[in-house]
Amino acid sequence: MNKEKRSFALLLWILFLCMLLCAFLGLRFGSAELSMGQVIRGLLRNDPDAIETKVVWVIRLPHVIGCILCGMALSISGVLLQTATNNPLAGPNIIGVNAGAGFAVVLLMCLFPMQYRLIPLAAFIGAFLCTILIVTAANKAGGARVTLVLSGVAVSTLLNAGISFLKLLYPDTSIAYNYFSAGGIDGVTFSQMLVPAVMIFITALLSMLLANRFNLLCLGDSIVHCLGLRARVLRSIALLLASASAAAAVSFAGLLGFVGLMVPHIARRFIKGSDLRKLLPVSAMLGAMLVLLADLFGRTAFAPSQIPAGIITALIGVPFFFLLLFQRRYRL
Amino acid sequence: MKTEFSHICASYRKKRVLQDITFSLEEGSITALIGRNGAGKSTLISCLTGEKTDYDGTILLDGRDIRTMDVQTRARLISCLPQNLPKPHVTVRELVTFGRTPYLPLTGKLSKNDEIIIDRALEVTNMTAFADAFVDTLSGGERRRAFLAMTFAQNTPLIVLDEPTAHLDANSRFELMALIDNMRKTMGKTFLIVMHDLPEVLRCANQIAVLHDKQLTFFGNADECLAQQIPQKCFNVRVHGSKEDGYAVIPMQ
């Protein structure tokens, strides 16, 4: 193993241990503070009826795993989107994930107000269908990167208008939508996360498998073609994987903003270059850490009030967004 | 590898730009493709690289129609560099490694042979010292050399370059053309180069193909080109000088 590979492996191990530490903090702190011993006893299920076992297994562990999955999924989505569009300011909202999921949730609440259990499914379908619509429209219009961004803006604007329209017609839907749009992992269960977790795992695996090909997208369509690949197909695959990953996260965590935008840029500080084979795993672990810490801060900083993680990530994300805009020397 | 363009007719945005173009490239030669703006040079290149498929006629590589080849096979026979190069945030070595894409498995694992070819491409283009530098930090000339190294790493018998000396200073232009000529001599590569600078064309090209009024008005070497007064007829300029002393272009009144 050469020096570069060794240092990258070391970086992955350090990030993994940091992620475990953040997860442990997430298990320990909350409205009921547990000692380290109680967390470990709870995890080991020494006494199934003990309060710490119930707190850890019923509330905290699903919560922490939800944060990890959500952070990983949104970060992977962000990396793929920024690569596919060659736009450092791209995030899941650019392919209509937020607008699609939000519209589907409001529509569900209008048509079937009692079926709130179907919100995750509706969010996933809405987000994914919206991306397919945007990618298809962009491909029909020539498939250029700028066409994709413009299609995304157009479809998202239309769906956001649809959300406002439905909320005016059915004011009762506002509460469900507001809670969904704030983004957070409260009350999530293992069973709710099972399907999204499988989807996130599959998209992560496929993204890693195709990372070497996605790397070429930075060369532009013409050169990619001369290297024997079809840029438009490659870009569409990257976008669909990004959408599936973000939609899976949105389905149980709501519209958690700015993670997909911020994390890939932070990850680029840790690695040399933009090789997706390195950027994807580093981003995934940093994303998990960011959501874990945002969630922990939201649960403990204003206790007993709990602030959804989405609000915390937005509070960090907006200044970060401006930093990116002003920092011209930093490139994708 | 013999490359033959046979009766090519093609349109750009529904306007016919190429009419019955027939010529062939000699193996191990530099052919300059010249013509006024909008003469159809880029369209012809697009037909050759497979980006454009809606044309009449045939382009044969060693007797095989390129339209019947899959993209990967074609990428092992023809490499191409467009005029406008991007500024990716990758190291020069990573960029040159991209050139091996047609030969690599999905995982992108490099073989020993791939490594040797990449090192050689860096060496030939004098980019070994820049191997760890980021492409987006290089000067225009260095960046073009880095992309040329990527093209050489693709290791194809035919290399197509669209205005490789555009936006380069005089010294960089000489260096780049000398590098291309060296590649031709030492590795037997065939080059088809879109060019605009007439003195450079006359000095560097073994064959010159002139597109004018949708047709191939001339195909031959520099001496024949001057003897037939092609610069006057097609570009409205006069050319003075010789291969040894260099050429000067003077606009006709």
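Whatever comes next refers back to the structure up there.
About the cut-offs
Residues numbered from 1 in each chain as written. Chains lettered and ligands numbered in written order. Predicted model: local features only at pLDDT ≥ 70, side-chain atom pairs only at ≥ 80, totals over all residues. Heavy atoms only, no water. Axes fitted to C-alpha atoms, helices over the stretch in contact; angles between N-to-C directions. Helix = DSSP H or I, 4+ residues; strand = E, 2+ residues; numbered from the N terminus. Parallel < 35°, antiparallel > 145°, perpendicular 65-115°, else oblique. Left-handed = near helix turned anticlockwise from the far one by under 90°. Contact = heavy atoms within 4.5 Å. Nonpolar A, V, L, I, M, F, W, Y, C, P; charged D, E, K, R; others polar. Buried area = accessible area lost by both parts, 1.4 Å probe. Salt bridge = Lys/Arg side-chain N within 4 Å of Asp/Glu carboxyl O. Polar contact = N/O pair within 3.5 Å; in protein donor to acceptor, adjacent residues only side chain to side chain. Buried < 20%, exposed > 50% of the residue type's maximum accessible area, 1.4 Å probe, protein only. Pairing = 2+ DSSP bridges. Right-handed = clockwise from strand over helix to strand, strands pointing away.

1. A short note on the packing of helix α8 (residues 190-214) of chain A against helix α10 (residues 231-253) of chain A
All names here are of chain A. With their axes 9 Å apart at the nearest point, α8 and α10 run at an angle of 155 degrees to one another. It follows that α8 is roughly antiparallel to α10 by the angle criterion. Regarding α8 and α10, the two cross each other, and that crossing is left-handed. The segment α8 lies against α10, with M193, P196, M199, I200, T203, L206, S207, L210, R213 and F214 engaging L234, I237, A238, L241, A244, S245, A248, A249, S251 and F252. Partitioning the contact of α8 with α10 into residue classes produces 15 nonpolar, 4 polar and 1 charged.

2. Considerations on the interface of chain A and chain B
Contact with chain A, which involves 23 residues of that partner, is made by 35 residues of chain B. It is H225(A), C226(A) and L227(A) in chain A that bury the most area against chain B; as a group they hold 24% of the surface buried on that side. For the interface between chain A and chain B, the tally reads 0 salt bridges. Applying the counting criterion to the chain A and chain B interface returns 7 residue pairs in polar contact (both at pLDDT 80 or more). Contributing elements (two or more residues each) for the side of chain A that touches chain B: α8 and α9 (221-226) of chain A. Across the side of chain A that touches chain B, the residue classes tally to 10 nonpolar, 7 polar and 6 charged.

3. A closer look at the pairing of strand β7 (residues 158-162) of chain B
Residues and elements named next belong to chain B. Extensive coverage of β7 is indicated by the burial of 5 of its 5 residues. Of the two faces of β7, the one lined by L158, V160 and D162 and the one lined by I159 and L161 are each fully buried. As paired strands, strand β6 (residues 78-81) and β7 are joined by 4 bridges and run parallel to one another. Bridging across to β7, I78 finds its partner in L158. In terms of strand pairing, β7 meets strand β8 (residues 190-194) through 5 bridges, oriented parallel. Bridge pairing in β8 places V160 opposite L192. Traced from β7 through helix α6 (residues 170-187) to β8, the parallel crossover comes out right-handed.

Any link to function would need more than the numbers given here.
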